[in-house]
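Secondary and tertiary structure notes
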Amino acid sequence: MFSIQKWRCSWSTVAAVASIVTLVSVVHLFLYPIVPSLDYFRTFQNSCVPINRSNEGEKIILKNDTSTEGSQKNATGSISTEGSERNLDTSPMPMIDLNVKFPTDLHNAVVYRGAPWKAEVGRWLSGCDSNTSAVKVVEQISGKSCRNDCSSRGICNRELGQCRCFHGFTGEGCAERQELSCNLPGSKEQPFGHWVVSICPAYCDTTRAMCFCGEGTKYPNRPLAETCGFTINPPSKPGGAPVTDFTKADLDVFTTNGSKRGWCNVDPAEAYASKVLFKEECDCKYDGLWGRFCEVSVLSTCINQCSGHGLCRGGFCQCYSGWFGADCSVPSILSSIREWPLWLRPAQVNVPENVNSGESLVNLDAIAEKKRPLIYVYDLPPDFNSLLLEGRHFKLECVNRIYDQRNATVWTDQLYGAQMALYESMLASPHRTLNGEEADFFFVPVLDSCIITRADDAPHLSMQEHIHEGLRSSLTLEFYKKAYDHIITQYPYWNRSSGKDHIWFFAWDESACYAPKEIWNSIMLVHWGNTNSKHNHSTTAYWGDNWDPISSDRRGNHPCFDPDKDLVLPAWKRPDEGSLNAKHWSRPREKRKTFFYFNGNLGPAYENGRPEATYSMGIRQKVAEEFGSTPNKEGKLGKQHAEDVIVTPLRAGNYHEELASSVFCGVMPGDGWSGRMEDSILQGCIPVVIQDGIYLPYENFLNYESFAVRILEDEIPNLLNILRSLNETEIKFKLANVKEIWQRFLYRDSVVLEAERQKALRGSVEDWGLKFSQLEEDDVFATLIQVLHYKLHNDPWRRQLPLQKKEFGLPKECLIRTE
């Protein structure tokens, strides 16, 4: 919805406006579609609008009806016109001494917006981030065209004039069709090829490398994924698992005989009524389908669900005319101003005088008011994001949500969902800019959590090449290297800082350990903050993610994490309405009866434990050996087991409740990082960190002494003595700080964005959306922005540059000074 402000105006003004509309109409008639759609100007037809015919062209003022502060939103807001531009408050502020005004507390912390920061960070944020004002930024609305308009098989990036082709198509104009086999090359012994997840005995959709029942069956579009289409033999020994024979197709899945275990011809209603047999190993694994037999078509998961400006086709946004970008959030000159996203508002649009010059490239400048830091998000080729979503074989992998038969949101438990959540928040943030020259940071969106899971199911992403030798870590490194090659050849921004102002997200278990050497100068967002000061090798127990064999000429010789430049972010945790209602984070000390708690895999000494001695680097095993409260395979408890201490591998019936009933909770590695820090904080439990030289979320910026306890690995036998030595005043102090910061471990912004999308789609918001929309404290994304703002003015490498000729909207004492 939009509104037009009514003005009183003279007949001369009316005549002037009429002349301009006439001129624009003539220009549109002869130059369409190169110049903007008349939708640009229809917003203003019925009112008197101040349009200045100067050598800068026509000016149109675009304004929000809501503030862009607070939570970031990508829904369309109201549009109105103003008679004059907003005046920024540029009055000088008095110089202050931050050290004097913001002294530290007893833990050497300075509190800003409820969080205890390290002193130098907290002082700057308190005195500077809190006093940031908006600055004017020129946002360029692009209009380059693409060859053959991408042959209707892709989306045109109108900033570069390059096509972003759908899955299975390639070439400059997406005119070339790819043949993406579902199987690796076969042989006499293995007629369907060596096993990969996508192995297929029936019809292969070669645009996506996905297997379906195919023609001749009653349900040709029903997926025939993984083991479904192959013969399954009984276990080789009693109690063992059935064995799939990938050399022999199971013809029964194609049968029309109701007495056999079919799949491709099974009527869902009859199967649900138990009237026919079906193969239990078959399942509805592909995204966009729901029901036991994939009988219901539903929404697929796309980045920001295409922002309301496109259709989601299996994971790839097919943008409407006038829009582009991975989530269709970037307007081109063919878009309508009234539909521009909130992160481009308020804006003053300049229509150039030479709009009818006949040039193939016509850009519009939109002057927006924004607060720094400003982030430019690269629109990478879809190989690094959208194609990884569109072709995935398991709908739950590497995303934070899917959609059910009502197209309602189903949140996943994928710890790697943080990558999707952060990417979507970045794209919808008011800190986003389309102007690389004004940008303070550059975000490179490579979805490594999708690359790694796709590596196991797509032959065309094969790890069999000699350079990879079956290692997913090596394949992932290569993807990041290709993204680097793309941005240095297509954009001018990398060389101005040697990539130090660029941001990459490594979400997998070993995070940036296998980053290519070319990008190591950049900021790494990770979940695994291993400085390699003690554990100077690959710590994963899964061989496919091992990075030790990667040659130094590809990886270089860098640690996994550098606290001077990188940041550990919290893992994704499914939005839990129950915990919100129970307010676990605020439970007082008196109601926390368990002194120390840890529930998780404890390694090979326990039933169903991970068999590798290297799992958790042996840390969980040592804790269990000392304090285990559940008998191991030998029937033994921990040497120091105590009544108020729980260390168990047995899955809890109400895990969150047990955490919320504990004072201290163990935070130890799993196979690489785990989500135990987030579990502790979100349930109000004091985290006890046991992992030497490995940073946890925000640890190089927040003051961990204020809300956590660190125990050296060698001090594990003394763990309880250390914790029991803390007095009640200190314990309550830490619990109070956990209560203050818990939302900083929550991806609230991403959840609220989804609630807004659901409201637009379905006209209502479910309870989880209402609950999360009511939260007001800083979340993960807000914390990241604060950290980046601090880094913008305090990173040593920036201090060595000449004073930047930019408006920062800060008091003088906050600005960078060259050394």
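In what follows, the structure referred to is the one given above.
Below is a short write-up of the structure. All of these numbers come straight from a predicted model, not from anything done at the bench.

Things to note about the overall build of the chain
- For the chain, the helix and strand inventory stands at 20 helices and 34 strands.
- In the chain, which comprises 819 residues, the proportion classed as buried is 59%.
- Taking all contacts inside the chain whose residues are at least 6 apart in sequence as the whole, residues at least 24 apart take part in 66%.
- Of the roughly 34,100 Å² that the chain leaves accessible, carbon and sulfur atoms contribute 50%.

Details of the sheet that holds strand β31 (residues 662-667)
- Overall, parallel pairing links the 5 strands, which are arranged β30-β29-β31-β32-β34 in an open sheet. At either margin of the open sheet sits one strand with a lone partner, and together these are β30 (645-648) and β34 (709-710).
- Note that strand β29 (residues 594-599) and β30 share 4 bridges and pair parallel. Its bridge partner lying in β30, Phe-596 is registered against Val-645.
- Here helix α16 (residues 728-741) sits on the sheet in contact with β31, β32 (686-689) and β34, set at roughly 105° to β32.

So, the state of the cysteines
- Going through the model one piece at a time under the given rule, you end up with 15 disulfides.
- The residue that forms a disulfide with Cys-284 is Cys-294, at a sulfur-sulfur distance of 2.2 Å. Classification of the bridge connecting Cys-284 and Cys-294 rests on its S-S torsion, roughly 135°, and on that basis the disulfide is right-handed. Pair noted here: Cys-284 is in the loop between α5 (268-272) and β13 (289-290) and Cys-294 is in the loop between β13 and β14 (296-297), with a separation of 10 residues, a long-range link. Take Cys-284 and Cys-294: they sit in the same class, and that class is buried.
- At a sulfur-sulfur separation of 2.1 Å, the disulfide partner of Cys-398 is Cys-450. On the sign convention where negative means left-handed, the S-S torsion of about 90° between Cys-398 and Cys-450 marks this disulfide as right-handed. On the criterion of sequence distance, the pair formed by Cys-398 in the loop between α6 (386-390) and β22 (401-403) and Cys-450 in helix α8 (residues 448-455) is long-range, its members being 52 residues apart.
- In this structure Cys-398 comes out as buried when scored by relative accessible area, which is 4%.
- Judged by its relative accessible area of 1%, Cys-450 falls in the buried class.

Observations concerning the packing of aromatic side chains
- Within this structure, the stated rule accounts for 36 aromatic pairs.
- Plain terms: the ring middles of Tyr-376 and Tyr-378 are 5.4 Å apart, the flat faces sit at 80° to each other, and that makes the pair edge-to-face.
- With a centroid separation of 5.2 Å and an interplanar angle of 70°, the aromatic rings of Phe-595 and Phe-664 are classed as edge-to-face. In this pair, Phe-595 is assigned in strand β29 and Phe-664 in strand β31, connecting sequence segments 69 residues apart.

Calculation criteria
Residues numbered from 1 in each chain as written. Predicted model: local features only at pLDDT ≥ 70, side-chain atom pairs only at ≥ 80, totals over all residues. Heavy atoms only, no water. Helix = DSSP H or I, 4+ residues; strand = E, 2+ residues; numbered from the N terminus. Buried < 20%, exposed > 50% of the residue type's maximum accessible area, 1.4 Å probe, protein only. Contact = heavy atoms within 4.5 Å. Areas by Shrake-Rupley, 256 points an atom, 1.4 Å probe, with all protein chains shown as cover. Pairing = 2+ DSSP bridges. Axes fitted to C-alpha atoms, helices over the stretch in contact; angles between N-to-C directions. Disulfide = S-S within 2.5 Å. Phe/Tyr/Trp six-rings, centres within 6.5 Å; stacked < 30°, edge-to-face > 60°.

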